[in-house]
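# Fold and geometry: a report
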Amino acid sequence: QVQLVESGGGLVQAGGSARLSCAASRRTLTTNTMGWFRQAPGKEREFVAAISTSSGTTSYADSVKDRFTISRDNAKNTVYLQMNSLKPEDTAVYYCATKRFFLASSVASTYDYWGQGTQVTVSS
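Residues numbered from 1 in each chain as written. Predicted model: local features only at pLDDT ≥ 70, side-chain atom pairs only at ≥ 80, totals over all residues. Heavy atoms only, no water.

## What to know about unusual backbone geometry
Positive phi values are uncommon outside glycine, yet Asn-77 reaches one of about 50 degrees. Tracing the backbone shows Asn-77 in the loop between strand 7 (68–73) and strand 8 (78–83). Backbone geometry at Ala-104 places phi at a positive 55 degrees, although glycine is not the residue there. When you line up the elements, Ala-104 lands in the loop between strand 9 (92–99) and strand 10 (113–114). What makes Ala-104 partly exposed here is its relative accessible area of 34%. (Helix = DSSP H or I, 4+ residues; strand = E, 2+ residues; numbered from the N terminus. Buried < 20%, exposed > 50% of the residue type's maximum accessible area, 1.4 Å probe, protein only.)

Next up, the structure:
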């Protein structure tokens, strides 16, 4: 079992920045891939970004590419999501998730463990 705890959400003005953190309770094969997803009210959960904690390989949704950066600190079992140039449409609950293989990293159903989510609200 792996517990994931997200932090760093809050209210941000459009054009501003925020950084989310996701701390895993331990590092196992299951935490080799860590991803960020988000869900806005009335919408389906969508992929944001993912990283392989072993190789550093990353992937991004087109909607956040060039604005968001995912990174990891393996010593702290923590993954970060740096969000710049935030837009009101980025408003959502952001979830951290983890699984073993990087393949299909954008598919939510392939992830094994999820955090409780952290709210990010971008005001216009």
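## A few points about the state of the cysteines
This structure, assessed with the given rule, holds one disulfide. Covalently, Cys-22 is tied to Cys-96 through a disulfide, its sulfur atoms 2.0 Å apart. Its S-S torsion of about -75 degrees marks the bond between Cys-22 and Cys-96 as left-handed, since a negative value means left-handed. With Cys-22 in strand 3 (residues 18–24) and Cys-96 in strand 9, this pair connects stretches of sequence that are 74 residues apart. The burial state of Cys-22 is the same as that of Cys-96; both residues are buried. (Disulfide = S-S within 2.5 Å.)

## Considerations on the packing of aromatic side chains
Within the structure shown, the criterion is met by five aromatic pairs. With a centroid separation of 5.6 Å and 70 degrees between ring planes, the pair formed by Phe-37 and Phe-47 is classed as edge-to-face. You can see Phe-37 sitting in strand 4 (residues 33–39) and its partner Phe-47 sitting in strand 5 (residues 46–52), a full ten residues away along the chain. Judged by its relative accessible area of 12%, Phe-47 falls in the buried class. (Phe/Tyr/Trp six-rings, centres within 6.5 Å; stacked < 30°, edge-to-face > 60°.)

## Concerning the sheet that holds strand 7
Taken together, four strands build an open sheet; the order of strands is 1-3-8-7 and the sheet is antiparallel. Every interior strand has two partners, whereas the edge strands, strand 1 (4–7) and strand 7, have only one. Between one strand and the next, the sheet's axes are offset by a mean angle of 15 degrees, whatever the strand orientation. Here six bridges tie strand 7 to strand 8, and the two strands are oriented antiparallel to one another. Within the sheet, the bridge partner assigned to Ser-71 lies in strand 8 and is Tyr-80. (Pairing = 2+ DSSP bridges. Axes fitted to C-alpha atoms, helices over the stretch in contact; angles between N-to-C directions.)

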